[in-house]
Amino acid sequence: MRIAVTGASGLVGRALVPFLRRAGHEVWRLQRTPPTDDHDVLWRSADRQFRFDPALRWDAVVHLAGTPIADKRWTDPQKAQIEQTRGALTRQLVDALVAMLEPPKVLVSASAIGFYGDGHETVLTEASPLGRGFLAEVCHDWEAAALTAQAAGMRVALLRTGVVLTAEGGMLGKLLPVFRAGVGGPVGDGMQWLSWVHRDDLLRLIGLALTDERLAGPINAVSPEPVRQGDFARALGAVLHRPAFLPAPAFALRLAFGQMADEVLLAGQRVVPEVAQRCGFVWLYPQLAAALSAELSP
Ligand SMILES: NC(=O)c1ccc[n+]([C@@H]2O[C@H](COP(=O)([O-])OP(=O)(O)OC[C@H]3O[C@@H](n4cnc5c(N)ncnc54)[C@H](OP(=O)(O)O)[C@@H]3O)[C@@H](O)[C@H]2O)c1
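Here's what I pulled together on the structure shown here. Worth saying up front: this structure is predicted, and the values here are computed from it rather than measured. Note on numbering: residues in each chain are counted from 1, in written sequence order. The predicted origin of the model limits local features to residues at a pLDDT of at least 70 and limits the giving and counting of side-chain atom pairs to 80 or more, whereas totals for whole chains, interfaces and linings rest on all residues. The basis for the side-chain values is all heavy atoms of the structure; hydrogens and waters are excluded.

The next point concerns the pairing of strand E5 (residues 106–112). A simple rule labels every residue: compare its accessible area, found with a 1.4 Å probe on the protein chains alone, to the largest value its type can have, and call it buried under 20%, exposed over 50%, or partly exposed in between. We count a stretch as a helix when DSSP gives it H or I for four or more residues in a row; a strand needs E for two or more, and each element gets its number in order from the N terminus. Counting buried residues along E5, 7 of its 7 residues qualify, which places the element largely inside the surrounding structure. Residues Val106, Val108, Ala110 and Ala112 line one face of E5 and the alternating positions Leu107, Ser109 and Ser111 line the opposite face, and both faces are buried. When DSSP finds at least two bridges between two strands, those strands are taken to pair. Pairing of strand E4 (residues 60–63) with E5, which is carried by 4 bridges, proceeds in the parallel orientation. Across the sheet, residue Val61 finds its bridge partner in E5, namely Leu107.

Below, the structure written as C-alpha coordinates:
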(Lines give C-alpha, C1' and ligand atoms only; values in the text may rest on other atoms or scores of the structure.)
Protein backbone atom coordinates (compact mmCIF):
# COMPACT_ATOMS: atom_id res chain seq x y z
CA MET A 1 0.00 0.00 0.00
CA ARG A 2 0.97 3.65 -0.38
CA ILE A 3 0.52 5.06 3.11
CA ALA A 4 0.89 8.64 4.40
CA VAL A 5 1.66 9.16 8.12
CA THR A 6 1.17 12.39 10.11
CA GLY A 7 3.11 12.80 13.37
CA ALA A 8 5.78 10.53 11.90
CA SER A 9 8.49 11.98 14.17
CA GLY A 10 6.60 11.12 17.38
CA LEU A 11 6.96 8.23 19.81
CA VAL A 12 4.63 6.01 17.77
CA GLY A 13 5.29 7.45 14.30
CA ARG A 14 9.06 7.06 14.32
CA ALA A 15 8.67 3.32 14.96
CA LEU A 16 5.64 2.97 12.67
CA VAL A 17 7.37 4.28 9.53
CA PRO A 18 10.14 1.62 9.49
CA PHE A 19 7.63 -1.03 10.63
CA LEU A 20 5.38 -0.35 7.62
CA ARG A 21 8.35 -0.10 5.24
CA ARG A 22 9.65 -3.45 6.44
CA ALA A 23 6.21 -4.91 5.67
CA GLY A 24 6.68 -3.76 2.05
CA HIS A 25 4.51 -0.61 2.06
CA GLU A 26 5.52 2.69 0.47
CA VAL A 27 5.39 5.23 3.30
CA TRP A 28 5.14 9.01 3.01
CA ARG A 29 5.66 11.32 5.98
CA LEU A 30 3.38 14.37 6.29
CA GLN A 31 5.46 16.64 8.48
CA ARG A 32 5.97 20.18 9.67
CA THR A 33 9.71 20.18 9.12
CA PRO A 34 11.34 20.51 5.68
CA PRO A 35 11.43 17.31 3.63
CA THR A 36 14.57 15.21 3.83
CA ASP A 37 13.62 12.68 1.18
CA ASP A 38 11.23 12.53 -1.75
CA HIS A 39 8.62 10.69 0.35
CA ASP A 40 8.31 13.62 2.78
CA VAL A 41 5.53 16.15 2.30
CA LEU A 42 5.67 19.50 4.06
CA TRP A 43 2.66 20.56 6.07
CA ARG A 44 2.89 24.33 6.47
CA SER A 45 2.53 24.87 10.19
CA ALA A 46 2.54 28.69 9.94
CA ASP A 47 -0.99 28.79 8.54
CA ARG A 48 -1.90 25.39 9.98
CA GLN A 49 -2.90 24.00 6.61
CA PHE A 50 -2.13 20.67 5.05
CA ARG A 51 -1.06 21.58 1.53
CA PHE A 52 0.03 18.77 -0.65
CA ASP A 53 -0.23 18.06 -4.32
CA PRO A 54 -3.79 16.76 -4.89
CA ALA A 55 -2.38 14.57 -7.64
CA LEU A 56 -0.46 12.47 -5.10
CA ARG A 57 -2.05 9.10 -4.52
CA TRP A 58 -2.20 7.30 -1.19
CA ASP A 59 -4.22 4.19 -0.39
CA ALA A 60 -4.36 5.04 3.31
CA VAL A 61 -3.45 7.68 5.89
CA VAL A 62 -2.41 7.13 9.51
CA HIS A 63 -3.07 10.31 11.49
CA LEU A 64 -0.99 10.59 14.67
CA ALA A 65 -0.13 14.32 14.80
CA GLY A 66 -1.05 16.62 17.64
CA THR A 67 0.55 18.55 20.46
CA PRO A 68 1.40 16.23 23.40
CA ILE A 69 -1.53 15.94 25.82
CA ALA A 70 0.14 15.03 29.10
CA ASP A 71 3.45 16.88 28.92
CA LYS A 72 2.50 20.18 30.54
CA ARG A 73 0.09 21.79 32.95
CA TRP A 74 -3.21 22.54 31.20
CA THR A 75 -3.12 26.34 31.11
CA ASP A 76 -5.77 27.98 28.91
CA PRO A 77 -3.33 28.42 25.97
CA GLN A 78 -2.17 24.79 26.36
CA LYS A 79 -5.76 23.53 26.36
CA ALA A 80 -6.52 25.62 23.27
CA GLN A 81 -3.47 24.12 21.54
CA ILE A 82 -4.56 20.56 22.46
CA GLU A 83 -8.09 21.25 21.15
CA GLN A 84 -6.88 22.92 17.96
CA THR A 85 -4.41 20.16 17.08
CA ARG A 86 -7.02 17.44 17.52
CA GLY A 87 -10.46 18.65 16.27
CA ALA A 88 -9.59 21.49 13.85
CA LEU A 89 -6.37 19.93 12.57
CA THR A 90 -8.09 16.61 11.87
CA ARG A 91 -10.90 18.42 10.02
CA GLN A 92 -8.31 20.26 7.88
CA LEU A 93 -6.55 17.00 7.11
CA VAL A 94 -9.80 15.29 6.08
CA ASP A 95 -10.78 18.28 3.89
CA ALA A 96 -7.41 18.11 2.13
CA LEU A 97 -7.69 14.33 1.64
CA VAL A 98 -11.21 14.59 0.25
CA ALA A 99 -9.99 17.25 -2.23
CA MET A 100 -7.36 14.91 -3.69
CA LEU A 101 -7.94 13.68 -7.22
CA GLU A 102 -8.03 10.13 -5.86
CA PRO A 103 -8.81 10.28 -2.13
CA PRO A 104 -7.39 7.50 0.06
CA LYS A 105 -9.68 4.62 0.94
CA VAL A 106 -8.71 4.27 4.60
CA LEU A 107 -8.05 6.68 7.47
CA VAL A 108 -6.60 5.26 10.69
CA SER A 109 -6.80 8.08 13.22
CA ALA A 110 -5.37 8.11 16.73
CA SER A 111 -7.65 8.85 19.66
CA ALA A 112 -7.19 8.08 23.34
CA ILE A 113 -8.87 6.11 26.12
CA GLY A 114 -9.38 9.55 27.70
CA PHE A 115 -12.62 9.32 25.66
CA TYR A 116 -14.11 7.36 28.58
CA GLY A 117 -13.21 9.90 31.29
CA ASP A 118 -12.63 8.50 34.79
CA GLY A 119 -14.24 5.05 34.61
CA HIS A 120 -13.45 4.01 38.20
CA GLU A 121 -14.12 0.23 38.39
CA THR A 122 -16.29 -0.05 35.25
CA VAL A 123 -14.99 -2.34 32.50
CA LEU A 124 -14.91 -0.14 29.40
CA THR A 125 -15.46 -1.49 25.89
CA GLU A 126 -15.80 0.34 22.60
CA ALA A 127 -19.56 0.45 23.29
CA SER A 128 -19.12 2.40 26.54
CA PRO A 129 -20.38 5.98 26.49
CA LEU A 130 -18.36 9.19 26.31
CA GLY A 131 -17.03 10.19 29.72
CA ARG A 132 -16.82 13.61 31.34
CA GLY A 133 -14.06 16.18 31.35
CA PHE A 134 -11.79 18.14 29.04
CA LEU A 135 -9.97 15.14 27.61
CA ALA A 136 -13.18 13.24 26.89
CA GLU A 137 -14.50 16.27 24.97
CA VAL A 138 -11.22 16.60 23.04
CA CYS A 139 -11.35 12.91 22.05
CA HIS A 140 -14.98 13.22 21.02
CA ASP A 141 -14.24 16.21 18.77
CA TRP A 142 -11.11 14.49 17.36
CA GLU A 143 -13.08 11.33 16.49
CA ALA A 144 -16.02 13.28 15.06
CA ALA A 145 -13.61 15.19 12.80
CA ALA A 146 -12.00 11.95 11.57
CA LEU A 147 -15.40 10.36 10.96
CA THR A 148 -16.35 13.13 8.49
CA ALA A 149 -14.09 11.23 6.03
CA GLN A 150 -16.79 8.53 5.87
CA ALA A 151 -18.95 10.86 3.80
CA ALA A 152 -16.27 10.64 1.08
CA GLY A 153 -16.37 6.83 1.20
CA MET A 154 -13.30 6.30 3.39
CA ARG A 155 -13.19 3.54 6.00
CA VAL A 156 -12.28 5.25 9.27
CA ALA A 157 -10.69 3.35 12.18
CA LEU A 158 -10.34 5.23 15.48
CA LEU A 159 -7.58 3.88 17.71
CA ARG A 160 -8.52 4.72 21.30
CA THR A 161 -4.98 4.29 22.55
CA GLY A 162 -3.92 3.46 26.10
CA VAL A 163 -0.55 4.36 27.66
CA VAL A 164 2.03 3.35 25.06
CA LEU A 165 4.90 1.42 26.66
CA THR A 166 8.40 1.88 25.32
CA ALA A 167 11.60 2.73 27.16
CA GLU A 168 12.18 5.37 24.46
CA GLY A 169 9.75 7.89 25.95
CA GLY A 170 6.16 8.56 26.95
CA MET A 171 5.06 7.65 30.47
CA LEU A 172 7.60 4.84 30.92
CA GLY A 173 10.43 7.04 29.65
CA LYS A 174 9.53 9.66 32.26
CA LEU A 175 9.21 7.17 35.11
CA LEU A 176 12.46 5.33 34.47
CA PRO A 177 14.91 7.83 36.03
CA VAL A 178 12.69 8.11 39.13
CA PHE A 179 12.37 4.35 39.58
CA ARG A 180 16.04 3.70 38.78
CA ALA A 181 16.91 6.17 41.54
CA GLY A 182 14.80 4.04 43.91
CA VAL A 183 12.29 6.81 44.64
CA GLY A 184 9.42 5.53 42.48
CA GLY A 185 6.04 4.28 43.65
CA PRO A 186 2.32 4.36 43.02
CA VAL A 187 0.54 7.48 41.80
CA GLY A 188 -2.12 8.68 44.25
CA ASP A 189 -3.61 5.73 46.17
CA GLY A 190 -2.49 3.33 43.41
CA MET A 191 -5.96 1.81 43.07
CA GLN A 192 -6.86 3.45 39.75
CA TRP A 193 -6.80 1.24 36.65
CA LEU A 194 -4.14 1.78 34.02
CA SER A 195 -4.71 0.51 30.49
CA TRP A 196 -1.51 0.16 28.53
CA VAL A 197 -0.22 -1.24 25.24
CA HIS A 198 3.31 -2.23 24.25
CA ARG A 199 4.39 -0.07 21.31
CA ASP A 200 5.10 -3.14 19.13
CA ASP A 201 1.52 -4.32 19.60
CA LEU A 202 0.19 -0.86 18.75
CA LEU A 203 2.19 -0.89 15.49
CA ARG A 204 0.76 -4.31 14.65
CA LEU A 205 -2.77 -3.14 15.45
CA ILE A 206 -2.31 -0.11 13.16
CA GLY A 207 -1.08 -2.54 10.48
CA LEU A 208 -4.23 -4.61 10.94
CA ALA A 209 -6.51 -1.56 10.87
CA LEU A 210 -4.96 -0.52 7.55
CA THR A 211 -5.85 -3.78 5.84
CA ASP A 212 -8.76 -5.45 7.65
CA GLU A 213 -12.08 -4.21 6.28
CA ARG A 214 -13.84 -5.27 9.49
CA LEU A 215 -12.06 -2.59 11.48
CA ALA A 216 -14.12 0.58 11.31
CA GLY A 217 -15.13 2.96 14.10
CA PRO A 218 -13.62 2.81 17.61
CA ILE A 219 -10.98 0.22 18.49
CA ASN A 220 -9.49 0.10 21.98
CA ALA A 221 -5.73 -0.05 21.41
CA VAL A 222 -4.82 -1.57 24.76
CA SER A 223 -3.54 -4.91 26.07
CA PRO A 224 -6.21 -7.34 27.30
CA GLU A 225 -4.88 -7.03 30.88
CA PRO A 226 -5.16 -3.56 32.42
CA VAL A 227 -3.54 -3.26 35.86
CA ARG A 228 -3.98 -1.09 38.92
CA GLN A 229 -1.53 1.80 39.16
CA GLY A 230 0.04 0.35 42.32
CA ASP A 231 0.62 -3.01 40.59
CA PHE A 232 2.22 -1.18 37.67
CA ALA A 233 4.65 0.52 40.08
CA ARG A 234 5.48 -2.80 41.77
CA ALA A 235 6.02 -4.55 38.40
CA LEU A 236 8.32 -1.76 37.21
CA GLY A 237 10.29 -1.84 40.47
CA ALA A 238 10.64 -5.63 40.20
CA VAL A 239 11.97 -5.51 36.61
CA LEU A 240 14.45 -2.80 37.61
CA HIS A 241 15.33 -4.49 40.95
CA ARG A 242 14.56 -1.25 42.79
CA PRO A 243 12.19 -0.40 45.66
CA ALA A 244 8.92 1.10 44.42
CA PHE A 245 6.92 2.09 47.49
CA LEU A 246 7.30 5.89 47.65
CA PRO A 247 3.90 7.21 46.55
CA ALA A 248 3.41 10.39 44.53
CA PRO A 249 0.59 11.89 46.65
CA ALA A 250 -2.49 13.26 44.91
CA PHE A 251 -2.21 16.72 46.51
CA ALA A 252 1.37 17.16 45.20
CA LEU A 253 0.34 16.09 41.71
CA ARG A 254 -2.60 18.50 41.76
CA LEU A 255 -0.26 21.27 42.87
CA ALA A 256 2.17 20.52 40.06
CA PHE A 257 -0.23 19.66 37.23
CA GLY A 258 -3.63 21.12 38.15
CA GLN A 259 -6.59 19.69 36.20
CA MET A 260 -4.30 17.39 34.17
CA ALA A 261 -3.41 15.50 37.36
CA ASP A 262 -7.08 14.64 37.99
CA GLU A 263 -7.92 13.69 34.40
CA VAL A 264 -4.75 11.85 33.39
CA LEU A 265 -2.66 10.80 36.39
CA LEU A 266 -5.27 10.12 39.06
CA ALA A 267 -8.16 8.99 36.82
CA GLY A 268 -8.54 5.29 36.12
CA GLN A 269 -9.67 3.48 32.99
CA ARG A 270 -10.22 -0.27 32.97
CA VAL A 271 -10.37 -0.68 29.20
CA VAL A 272 -10.64 -3.97 27.33
CA PRO A 273 -9.92 -4.45 23.60
CA GLU A 274 -13.18 -6.15 22.63
CA VAL A 275 -13.06 -5.25 18.92
CA ALA A 276 -9.44 -6.37 18.41
CA GLN A 277 -10.13 -9.62 20.27
CA ARG A 278 -13.21 -10.27 18.15
CA CYS A 279 -11.05 -9.82 15.03
CA GLY A 280 -8.60 -12.44 16.31
CA PHE A 281 -5.72 -10.04 17.04
CA VAL A 282 -2.97 -11.83 19.00
CA TRP A 283 -0.87 -9.68 21.35
CA LEU A 284 2.89 -10.16 21.54
CA TYR A 285 2.72 -8.68 25.05
CA PRO A 286 -0.65 -9.35 26.70
CA GLN A 287 0.92 -9.19 30.19
CA LEU A 288 2.66 -6.28 31.84
CA ALA A 289 5.65 -8.13 33.32
CA ALA A 290 6.69 -9.49 29.91
CA ALA A 291 6.14 -6.11 28.24
CA LEU A 292 8.33 -4.34 30.80
CA SER A 293 11.01 -7.05 30.67
CA ALA A 294 11.12 -6.83 26.88
CA GLU A 295 11.75 -3.09 27.12
CA LEU A 296 14.07 -2.98 30.10
CA SER A 297 16.01 -6.20 30.42
CA PRO A 298 19.63 -5.80 29.36
N1 LIG B 1 1.99 7.92 23.62
C2 LIG B 1 0.90 7.61 24.31
O3 LIG B 1 0.98 7.02 25.43
C4 LIG B 1 -0.47 7.93 23.74
C5 LIG B 1 -1.61 7.53 24.45
C6 LIG B 1 -2.87 7.82 23.94
C7 LIG B 1 -2.99 8.50 22.75
N8 LIG B 1 -1.87 8.89 22.06
C9 LIG B 1 -2.05 9.66 20.81
O10 LIG B 1 -1.45 8.95 19.74
C11 LIG B 1 -0.84 9.87 18.82
C12 LIG B 1 0.62 9.51 18.65
O13 LIG B 1 1.23 9.52 19.94
P14 LIG B 1 2.76 9.86 20.16
O15 LIG B 1 3.08 9.46 21.56
O16 LIG B 1 3.57 9.32 19.03
O17 LIG B 1 2.74 11.45 20.07
P18 LIG B 1 4.00 12.44 20.13
O19 LIG B 1 5.27 11.72 20.41
O20 LIG B 1 3.61 13.57 21.02
O21 LIG B 1 4.11 12.92 18.62
C22 LIG B 1 3.09 13.56 17.96
C23 LIG B 1 3.60 14.20 16.68
O24 LIG B 1 2.64 15.20 16.35
C25 LIG B 1 3.29 16.28 15.70
N26 LIG B 1 3.00 17.50 16.47
C27 LIG B 1 3.51 17.89 17.67
N28 LIG B 1 3.04 19.09 18.02
C29 LIG B 1 2.22 19.46 17.01
C30 LIG B 1 1.44 20.60 16.77
N31 LIG B 1 1.41 21.63 17.63
N32 LIG B 1 0.73 20.64 15.64
C33 LIG B 1 0.75 19.62 14.78
N34 LIG B 1 1.47 18.53 14.94
C35 LIG B 1 2.19 18.45 16.04
C36 LIG B 1 4.78 15.99 15.70
O37 LIG B 1 5.11 15.44 14.42
P38 LIG B 1 5.87 16.28 13.25
O39 LIG B 1 6.88 17.14 13.94
O40 LIG B 1 6.46 15.19 12.41
O41 LIG B 1 4.83 17.06 12.54
C42 LIG B 1 4.93 14.95 16.79
O43 LIG B 1 6.01 14.10 16.54
C44 LIG B 1 -1.04 11.27 19.42
O45 LIG B 1 -2.13 11.89 18.80
C46 LIG B 1 -1.32 10.99 20.89
O47 LIG B 1 -2.14 11.97 21.50
C48 LIG B 1 -0.62 8.61 22.53
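Nearness is defined per residue: one heavy atom within 4 Å of the molecule or strand is enough. The full set close to the ligand counts 26 residues, and Ser9, Leu11, Val12, Arg32 and Arg86 are the nearest of them. Distance and chemistry together define a polar contact, namely a pair of N or O atoms within 3.5 Å, with one atom able to donate a hydrogen and the other to accept it when in protein, and with adjacent residues in sequence counting only for side-chain atoms on both sides. In this structure, Leu11 approaches the ligand through a main-chain N or O atom, which is 2.9 Å from an oxygen atom. Between the ligand and Val12 there is a distance of 2.8 Å, counted from an oxygen atom to a backbone nitrogen or oxygen. Counting only elements with at least two residues in the shell around the ligand, the list comes to helix H2 (76–98), E5 and strand E8 (163–165).

Now for a nonpolar patch on the surface. Patch criteria: residues need more than 30% relative accessible area and no salt bridge. Like-charged residues are merged within 9 Å; nonpolar side chains of Val, Leu, Ile, Met, Phe, Trp and Tyr are merged within 5 Å. A 1.4 Å probe and the Shrake-Rupley method give the accessible areas. Residues count as covered only by the protein chains that appear here. A carboxyl oxygen of Asp or Glu within 4 Å of a side-chain nitrogen of Lys or Arg is what we treat as a salt bridge. There is a patch of nonpolar side chains on the surface, built from Val178, Val183, Phe245 and Leu246 and spanning about 370 Å² of accessible area. Its location among the elements puts Val178 in helix H4 (residues 170–180). Residue classification places Val178 among the partly exposed residues on the basis of a relative accessible area of 34%.

Below, the discussion takes up the pattern of salt bridges. This model, assessed by the stated rule, comprises 16 salt bridges. Of the charged contacts in the structure, one is a salt bridge between Glu121 and Arg270, with a shortest N-O distance of 4.0 Å. In this pair, Glu121 is assigned in the loop between E5 and strand E6 (123–124) and Arg270 in strand E13 (residues 270–271), connecting sequence segments 149 residues apart. With relative accessibility at 25%, the residue Arg270 sits in the partly exposed group. Across the pair Arg234 and Asp231 runs a salt bridge, and its minimum N-O distance is 2.8 Å. Of the two residues, Arg234 and Asp231 both sit in helix H6 (residues 229–240), 3 residues apart, roughly one turn of that helix. Under the relative-accessibility criterion, Arg234 is labelled exposed at 52%. Within this structure, Arg14, Glu168 and Arg199 form a network of salt bridges that share partners.

Here we have 7 strands laid out as an open sheet, ordered E3-E2-E1-E4-E5-E7-E11, and parallel in their pairing. With one partner strand each, in any of the chains shown, strand E3 (40–42) and strand E11 (217–221) form the two edges of the open sheet. In this sheet, adjacent strand axes meet at a mean angle of 20° when their direction is disregarded. Contacts: residue pairs with any heavy atoms within 4.5 Å of one another. What counts as an axis is a line fitted to C-alpha atoms, over the stretch in contact for a helix, and the angles between N-to-C directions run from 0 to 180 degrees. This element, helix H1 (residues 13–22), spans strand E1 (2–6), strand E2 (26–31) and E4 of the sheet and lies at about 160° to E2. The strands touched by H2 within the sheet are E1, E2, E4 and E5, with E4 carrying the most contacts at an inclination of about 170°.

Turning our attention to the packing of H4 against H6. At a minimum axis distance of 11 Å, the contact between H4 and H6 shows a crossing angle of 60°. Along this stretch, H4 crosses H6, giving a crossing that reads as right-handed. Along the contact surface, H4 presents Met171, Leu172, Leu175, Leu176, Phe179 and Arg180, while H6 presents Phe232, Ala233, Leu236, Gly237 and Leu240. Here the contact of H4 with H6 is built from residues that sort into 9 nonpolar, 1 polar and 1 charged. When the near helix sits turned anticlockwise from the far one by under a right angle, the crossing is termed left-handed; a clockwise turn instead gives a right-handed crossing. Each residue receives one of three labels: charged for Asp, Glu, Lys and Arg, nonpolar for Ala, Val, Leu, Ile, Met, Phe, Trp, Tyr, Cys and Pro, and polar for the others, Gly being one of them.

Within the secondary structure layout, Thr75 lies in the loop between E4 and H2. For the pair Thr75 and Leu253, spaced 178 residues apart in the sequence, the C-alpha separation amounts to 15 Å.

On to the nonpolar core, then. Working definition of a nonpolar core: buried Ala, Val, Leu, Ile, Met, Phe, Trp, Tyr and Cys residues. They are joined through side-chain atoms within 4.5 Å. The biggest cluster of nonpolar side chains holds 31 residues, and the ones touching the most others in it are Val5, Val62, Val108, Leu159, Leu202, Ile206 and Leu210. Of all elements in the fold, only E1, H1, E4, E5, strand E7 (155–161), helix H5 (199–211), E11 and helix H9 (274–278) reach the threshold of two or more residues within this core. Tallying contributions element by element places H5 first for this core, with 6 residues. Once you skip the residues sitting within four places of it in the chain, Leu202 turns out to touch Val12, Leu159, Thr161, Val164, Val197 and Ala221.

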